[in-house]
Amino acid sequence: MTLRLPAVLLFLFLLPLLAPATPPELPGQAIFQKNCVRCHGANGKRGLNGAHDLTKSNLNEFGRTYLVTNGMGKMPAFGKKLTPAQVQQVVAYSLTLK
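It should be emphasised that the depicted structure is a prediction, and the values quoted were computed from it without experimental measurement.

Student: Looking at this model, I keep getting lost on the overall build of the protein chain. Mind explaining?
Tutor: For the protein chain, the helix and strand inventory stands at five helices and zero strands. Going residue by residue from the N terminus, the α and β elements of the protein chain occur as α-α-α-α-α. Buried positions account for 26% of the 98 residues belonging to the protein chain. Put simply, of all contacts in the protein chain between residues at least 6 apart along the chain, 45% involve residues at least 24 apart. For the protein chain, the accessible area works out to roughly 7,500 Å², and carbon and sulfur atoms hold 65% of it.

Shown next as structure tokens:
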């Protein structure tokens, strides 16, 4: 019985090291979650309010930057809400959605 306590304590000590680490958040991910998830969804496929499926979009970085900055249709313009650096971060993040 005396061996059980040290084993349990060792297990509790090592448990955080054994737990899977959460992947680091990508630049632009938090901005996307705050501003885009409602219509595009966390995976870019939601399509609410006519939002395009970002995983199937043919738009390149330039096209996406234009749309995020200026908006189109029901998508609001974020050019005055986000800095140019933040726009680039959210565009770069949106390109990672597959």
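Don't stop here, the text continues.
Student: How do you make sense of the layout of surface pockets when you look at a structure like this?
Tutor: The method is simple in principle: a probe with the dimensions of a water molecule rolls over the atoms, and the space it marks as empty is what remains. Approximately 640 Å³ is the volume attributed to the largest pocket. Considering the residues around the largest pocket, the lining is formed by 27 residues, among which H40, A51, H52, L54 and M75 are closest to the centre. Elements supplying a minimum of two residues to the lining of the largest pocket: α2 (29-35), α3 (37-40), α4 (61-70) and α5 (84-94).

Student: Which parts of the structure should I look at to understand α5?
Tutor: It helps to recall that an α-helix has 3.6 residues per turn; residues three or four apart then point in one direction. The complete set of buried residues in α5 reads V87, V90, V91, Y93 and S94. Considered in projection along α5, the buried side chains sweep an arc of 160° and stay on one side of the axis. Close packing links the buried residues of α5 with α2 and α4.

Student: So what exactly am I meant to see when it comes to the side chain of N35 here?
Tutor: Locating N35 in the fold gives a position in helix α2. Overall, N35 belongs to the buried group, its relative accessible area being 17%. For N35, the side chain forms a polar contact with the side chain of K81, separated by 2.9 Å. Setting aside residues no more than four positions away along its own chain, N35 makes contact with F78, K81 and L82.

Student: What should I look at first to understand α4 in this one?
Tutor: Looking only at α4, the buried set comprises G63, R64, T65, L67 and V68. The backbone nitrogen of F62 has a side-chain oxygen 3.1 Å away, supplied by the residue at the start of α4, namely N60. Just downstream of α4, G71 is the residue with a positive phi angle, here 70°.

Student: Would you explain the packing of α4 against α5 in this entry?
Tutor: When two helices pack together, their arrangement is given by the angle between the helix axes and the distance between those axes. At their nearest, the axes of α4 and α5 sit 9 Å apart, and the two run at 125° to each other. It follows from the interaxial angle that α4 and α5 lie oblique. Pair α4 / α5 crosses with right-handed handedness. Counted together, E61, R64, T65, V68 and T69 of α4 and V87, Q88, V90, V91 and S94 of α5 form the full contact between these two elements.

Criteria and cut-off values
Residues numbered from 1 in each chain as written. Predicted model: local features only at pLDDT ≥ 70, side-chain atom pairs only at ≥ 80, totals over all residues. Heavy atoms only, no water. Helix = DSSP H or I, 4+ residues; strand = E, 2+ residues; numbered from the N terminus. Buried < 20%, exposed > 50% of the residue type's maximum accessible area, 1.4 Å probe, protein only. Contact = heavy atoms within 4.5 Å. Areas by Shrake-Rupley, 256 points an atom, 1.4 Å probe, with all protein chains shown as cover. 1 Å grid on protein atoms, 1.4 Å probe; cavity = no way out; pocket = protein on both sides within 12 Å on 5 of 7 lines; lining within 4 Å. Points joined across faces, edges and corners; volume = space filled by probe spheres on them. Arc of directions from axis to C-beta. Polar contact = N/O pair within 3.5 Å; in protein donor to acceptor, adjacent residues only side chain to side chain. Axes fitted to C-alpha atoms, helices over the stretch in contact; angles between N-to-C directions. Parallel < 35°, antiparallel > 145°, perpendicular 65-115°, else oblique. Left-handed = near helix turned anticlockwise from the far one by under 90°.

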